[in-house]
Structure formats: structure tokens, C-alpha cells
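Next come the chains, spelled out residue by residue.
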Amino acid sequence: MAAAVDEKLEKLRSAVAQLDQISENEKAGFISLVSRYLSGEAEQIEWSKIQTPTDEVVVPYDTLAPAPEDLDAAKKLLDKLVVLKLNGGLGTTMGCTGPKSVIEVRNGFTFLDLIVIQIESLNKKYGCNVPLLLMNSFNTHDDTQKIVEKYNNSNIEIHTFNQSQYPRIVTEDFLPLPSKGKTGKDGWYPPGHGDVFPSLNNSGKLDILLSQGKEYVFVANSDNLGAIVDIKILNHLIHNQNEYCMEVTPKTLADVKGGTLISYEGRVQLLEIAQVPDEHVNEFKSIEKFKIFNTNNLWVNLKAIKRLVEAEALKMEIIPNPKEVDGVKVLQLETAAGAAIRFFEKAIGINVPRSRFLPVKATSDLLLVQSDLYTLVDGFVIRNPARANPSNPSIELGPEFKKVSNFLARFKSIPSIVELDSLKVSGDVWFGSGVALKGKVTITAKSGVKLEIPDGAVLENKDINGPEDL
């Protein structure tokens, strides 16, 4: 068995050596990942050893010391910080070409515009210099380079670097897809955001930041509008010398699949649904036992990253992701940045308000953030205090709304949803301007029928199946 594995790995290694599109660092990282995968070193979680983390390990946000009121003290803290946005994803699921971060979110501003405006206003207010790093993938790099030029006159230092590019493995013979003539983008994949740590080091950016006296990086997905710099969190980490912090927030029924933090054999670690034995999946999804989930807002000490990357100590759980490219079954191996928590000293979670988790994964999320539920102040998306219910309305839009262009065409203006509990739309539905939706609203257009909601309509607790119900 071991001999067969070694032979497999050797064949792969010599094939990868021939690929001249990627660096030696990338080849070494890839082979190391594959050999970990083949050795089957993944430890099974022993369910009985899982403990609910205490408040020392997952700190309630309300118990953090207040941020210093003195501008100079705040500036000292902020000058130790770098913001890194994960910018490797494309907008394909929302029907957009190019990086997801250039989708317009509100008032003509893209995700990236808002991020830049936020950091600029921070730098201006405190007279600090918080740089922005964008980790691109080979899918988003060229477009992003062009896009960031428009920020040349901004009061913000922007660095871009690429995450690793690894070859997809053909399942049948375990050889790299690019060595079979698939030399285009289809032959490669970015290996998940766990790659942020080695890539930050390999790109030379980590050394530059350390030489500038930076101490912490705040990592977040570029599509999470709630992931803004929080001085209270930064202050806590510096004060307590925590090398790693994961922001978690209470689960709702919409988040049952999200990874959660557990205490395990004396360390804090991330438990993902994929690691859960089948007989415990329902327990994992229960909101009673596992009350929090990972927002993927992470704060990490830069010196600690340097130390662990150089020691090759970051051996995160491997996520096998089987795909098909033009009828060929392939495998890509990925890792997640949140899983690195168990390798850092004094790692903690902080249980943050839900407002720090506002991801835009689909047009239904876009409806929320473009509506009167939020306002835009200095690039920050702020929730409307007129909404009494702390949780957002649940919104389900049919496939007709999946692409951003179709979504925008079907709403003459975004309806008022401050008093909405839930909305479900299916079929060929078009919204007029100044529509208000309240309570529970279901709108279903029958097959082949175009259903138009008239301008100024107020729909409260309505179930609409045709014009006669309006």
C-alpha cells in the first residue's frame, strides 16, 4: 500500500517538475499538500472529547475593553494593522464576469470601492497608515491590477499578490491535468484561502510589512460588507498577545452548515461539517449545542505567520473537492484559513454582533443591502434603526433573478423592506417603483404569465398568484 502511494507521488512529482507555468515554491507546496492527502494523516475527531469553549476561549464582544478615546493611542494601534481582503473569487454565480469584488453593491459603489473608502476614512480620521492587501487568484489578477489603478490618488497604500496556482489532478491516473495538454486556466485551481499564509510569505509581502512595524493582519472575504476594522478587537489582541482570533457570531437557522469553534484536547479548533461523523451531523446542525459559527473574519499576528510558515507547521485539514472539466474527472485539494487556529499560541474566538457578518453571496443578499434596511455612511453599510427585528428578513428569489443584470432589470426600484419578515418570489415577476413589502409575502407567477407589481403597491402578509390578488 505504502509503496503504491510512493509510486503515485513520484510520478506526480516528476510530471509537476515539467510544468513551467508555476514557481518552485508552488510546486513544493502542491507536492507537500498531495503527500499529506495520500498519507491519510487526517485524524478522526473523537466526538466525546469535544467541549463547548468557555468565555475565556470565545470571548463575548461586550466584555472587551472599550477602544481608546485618545486619537493618538488609537493611531498607535492602527499603525500596527494591515487589512487583507480575499479577492480570488469570480462573480460567475451572480452572472458577472471578472472579480466578484467589482460588482456594484450600492449607489454605484463596488465592494472594492467601499473597502477603499472605509480604510481611507480611517487613515484620515486617525492620521494612521493602514495598508490594504488584496490576495488575488490567477482568475482575478489581471482584472484587479487594472481596477486598482483608479485608486492611485487615494490616501491608501494598496498591495496585491497572487495566491498559489496548483494543477488539477486527473482522478483516473493521478497526473496533473496541464501535462495532458490542458494548459489554459481550466487545468489549474487556487487551493482555498488556507493558502493565504504561505502566499503572503512567498510573495515577499510579509517581510515588507514586518519591516514597516506591522504586527497584525485582519483577513476577511471581500464580499462581507460587515468586516470593517474594529479597534476594540485589535486593542484586545495586542494587549493579550493573542496570535490568532476568529470572529464568530450566533447561528441562525440559515447558518447551520457553518464551521464552529470547539475546545479539543486543550486547544481551540474549528469543526467543519465535513469532519463530522454521519451519526452526529444533526447534532452539529443544532443551534442548542453549537451556538456559534465562523464568519471568516480573522485577525492574525504577522510574526507568528512567519514562524509557522517557515517551520512548515500549518498542516490544516485538507478539503478534497472533486470536479469535472470537459468530461474529465479531476480532484483539487484545498485548505481553509480558519482551520489554522489550532496552530497559533493563545488563539481565541470573539463572539461578535451579527452586523459584522453581511456577506453578499447571491442577488437575494444584494436586495437586502440595496434596500432601505441599510444606509451608506463613509463607505460603511449601516443598518436602519427603524427595523425593530434584529434579524434580517429571509429572501428567496427564483432563477429569473439569479444574474445581477436580470435582478436589476426586474426591479424598477428596490422595494421598502424595513417591515418585511419573509419574501418568496417565483416565476416571471417584475416590480414597479416605490413598492413596499411587509410581513410575509409570497409572489408566484404562473408558468407563461408575466406578473407585474404596480408602482407604489403595498403588500402586507399577501400570497399573490396572479394580478387578481393585487
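Just so we're clear, the structure is a prediction, and the values are computed from it rather than from any experiment.

Focus on the overall build of the protein
The secondary structure content of the protein amounts to 12 helices and 28 strands. Here the C-alpha radius of gyration of the protein, 24 Å, is about what a compact globule of 470 residues would show, namely 23 Å. Counting every position in the protein, which comprises 470 residues, the buried fraction comes to 52%. Taking the contacts inside the protein whose residues are at least 6 apart along the sequence as the reference set, 69% of them involve residues at least 24 apart. Accessible surface, the protein: about 21,600 Å² in total, of which carbon and sulfur atoms supply 51%. Side chains of the protein give 52 positive and 61 negative charges; the mean places of these two sets differ by 1 Å.

Digging into unusual backbone geometry
A positive phi angle, near 60°, is found at Phe174, a position not held by glycine. Here Phe174 is to be found in the loop between β9 (169-170) and β10 (175-176).

Some thoughts on empty space enclosed by the protein
Under the criterion given, the structure shown has 1 cavity of 30 Å³ or more. Taken as a whole, the largest cavity spans an internal volume of roughly 60 Å³. Forming the walls of the largest cavity are Lys85, Phe111, Leu114, Ile115, Gln118, Ser222, Asn224, Leu225, Ala227 and Ile228. Here the element with the most residues in the lining of the largest cavity is helix α4 (residues 111-126); it accounts for 4 residues. A breakdown of the residues in the lining of the largest cavity according to their chemical character gives 6 nonpolar, 3 polar and 1 charged.

A look at the UniProt feature "binding site: substrate" (unreviewed entry) in the protein
As annotated by UniProt and renumbered to match this structure, "binding site: substrate" (unreviewed entry) occupies His193. Contact partners of His193, with chain neighbours within four places excluded, come to Leu86, Met135, Asn296, Thr335, Ala336 and Ala337.

Focus: the state of the cysteines
Scanning the model with the defined rule gives 0 disulfides in all. Just so you know, Cys128 is unpaired, no disulfide at all, and the nearest cysteine sulfur is the one on Cys245, 20 Å from it. Overall, the relative accessible area of 0% leaves Cys245 in the buried class.

Regarding the environment of Leu200
With respect to the secondary-structure elements, Leu200 resides in helix α6 (residues 196-202). On the accessibility criterion, Leu200 (2% relative accessible area) is buried. Considered as a pair, Leu200 and Thr110 are 90 residues apart in the sequence and their alpha carbons are 25 Å apart. For Leu200, the contacting residues outside a window of four places in its chain are Leu84, Leu133, Phe161, Lys205, Leu206, Leu302 and Ile305.

Here's the deal with the packing of helix α3 (residues 71-78) against helix α8 (residues 231-240)
Across the interface, α3 lies against α8 with an axial gap of 10 Å and an inter-helix angle of 70°. Regarding the angle of α3 to α8, the classification is roughly perpendicular. Read as a crossing pair, α3 and α8 show a hand that is left-handed. Counted together, Ala74, Leu77 and Leu78 of α3 and Ile231, Leu234, Asn235 and Ile238 of α8 form the full contact between these two elements. Grouping the constituent residues of the contact of α3 with α8 by class yields 6 nonpolar, 1 polar and no charged.

Describing the sheet that holds strand β14 (residues 260-264)
Read from one edge to the other, the open sheet built from 3 strands follows the order β1-β14-β15, with strand pairing classed as antiparallel. Looking at which strands have only one partner, the edges of the open sheet turn out to be β1 (50-51) and β15 (267-271). For β1 and β14, the ladder comprises 2 bridges, and the chain directions are antiparallel. Within β14, the position partnered with Gln51 by the bridge is Ser263.

Re the layout of surface pockets
Here the second largest pocket defines a volume of roughly 600 Å³. As for the second largest pocket, its lining consists of 24 residues, of which Gly29, Ser32, Tyr166, Pro198 and Glu312 are closest to the centre. Secondary-structure elements contributing two or more residues to the lining of the second largest pocket are α2 (24-38), α6 and α10 (302-310). It is α2 that provides the largest number of residues to the lining of the second largest pocket, a total of 7 residues. Among the residues making up the lining of the second largest pocket, the classes are represented as 10 nonpolar, 8 polar and 6 charged.

Overview of the pattern of salt bridges
Pairs can form between side chains of opposite charge whenever their charged atoms are close. Counted by the stated rule, this structure contains 26 salt bridges. Across the salt bridge formed by Lys100 and Asp223, the nearest N and O atoms sit 2.7 Å from each other. Of this pair, Lys100 sits in the loop between β3 (81-87) and β4 (104-106) while Asp223 sits in the loop between β12 (216-221) and α8, and the two are 123 residues apart along the sequence. Note on Asp223: relative accessible area 6%, which makes it buried.

Brief notes about the UniProt feature "binding site: UTP" (unreviewed entry) in the protein
If you check UniProt for "binding site: UTP" (unreviewed entry), the listed places come out as Lys100, Gln163, Gly192, Asp223 and Lys361 in our numbering. Once you skip the residues sitting within four places of it in the chain, Lys100 turns out to touch Gly89, Leu90, Gly91, Met94, Phe111, Asp223, Val360 and Lys361. Apart from residues no more than four positions distant in its own chain, Asp223 is found in contact with Lys100, Phe111, Leu358, Pro359, Val360 and Lys361.

Thoughts on the pairing of strand β22 (residues 394-397)
Taking every second residue as pointing to the same face, the buried face of β22 carries Ile395 and Leu397, while none of Ser394 and Glu396 on the other face is buried. Bridging between β22 and strand β23 (residues 420-426) involves 4 bridges; their strand directions are parallel. Bridging across to β23, Glu396 finds its partner in Lys424. Between the parallel elements β22 and β23, the chain passes through helix α12 (residues 404-410) in a crossover that is left-handed.

Thresholds, definitions, all that
Chains are numbered independently. Their residues run from 1 in the order of the written sequence. Local features are withheld for residues below a pLDDT of 70 in this predicted model, meaning they are given only at 70 or higher, and side-chain atom pairs are given and counted only at 80 or more; totals for whole chains, interfaces and linings count all residues. Hydrogen atoms and water are omitted, and side-chain values are computed over all heavy atoms in the structure. The helix count covers DSSP runs of H or I at least four residues long, the strand count covers runs of E at least two residues long, and both are numbered beginning at the N terminus. Radius of gyration here uses only the C-alpha atoms, and the compact-globule reference equals 2.2 Å multiplied by the residue count raised to the power 0.38. Three exposure classes are used, based on accessible area relative to the maximum for each residue type with a 1.4 Å probe and protein chains only: buried under 20%, partly exposed in between, and exposed over 50%. Every residue pair with non-hydrogen atoms within 4.5 Å of one another is taken to be in contact. Only the protein chains shown count as cover for residues, with accessible areas throughout obtained via the Shrake-Rupley method and a probe of 1.4 Å. Residues scored as charged are limited to Lys and Arg (positive) and Asp and Glu (negative), so that His and the chain ends carry no count. A single reference atom marks each charge: NZ on Lys, CZ on Arg, CG on Asp, CD on Glu. The distinction between a cavity and a pocket rests on a 1 Å grid over the protein atoms alone: a 1.4 Å probe fits inside a cavity but cannot get out, while a pocket stays open yet meets protein on both sides within 12 Å along at least five of seven lines, and a residue with an atom within 4 Å of a point counts as lining. Grid points are joined across faces, edges and corners, and a volume is the space filled by probe spheres set on the points. Classes in brief: Ala, Val, Leu, Ile, Met, Phe, Trp, Tyr, Cys and Pro nonpolar; Asp, Glu, Lys and Arg charged; the others, Gly included, polar. UniProt positions are given in the numbering used here, feature names are shortened, and annotations may be inferred rather than shown by experiment. Cysteine sulfur atoms that come within 2.5 Å of each other are treated as a disulfide pair. As a rule, the C-alpha atoms of each element are fitted with a line to give its axis, helices using only the stretch in contact, and angles between N-to-C directions run from 0 to 180 degrees. Roughly parallel means an angle under 35 degrees; roughly antiparallel, over 145; roughly perpendicular, 65 to 115; everything else is oblique. For any pair of crossing helices, the crossing counts as left-handed if the nearer helix is rotated counterclockwise from the farther one by less than a right angle, and right-handed if it is rotated clockwise. Only strands joined by at least two bridges in the DSSP assignment are considered to pair. Here a salt bridge means any side-chain nitrogen of Lys or Arg lying within 4 Å of a carboxyl oxygen belonging to Asp or Glu. Note on handedness: a crossover is taken as right-handed if, strands pointing away from the viewer, the path from the first strand over the helix to the second is clockwise.

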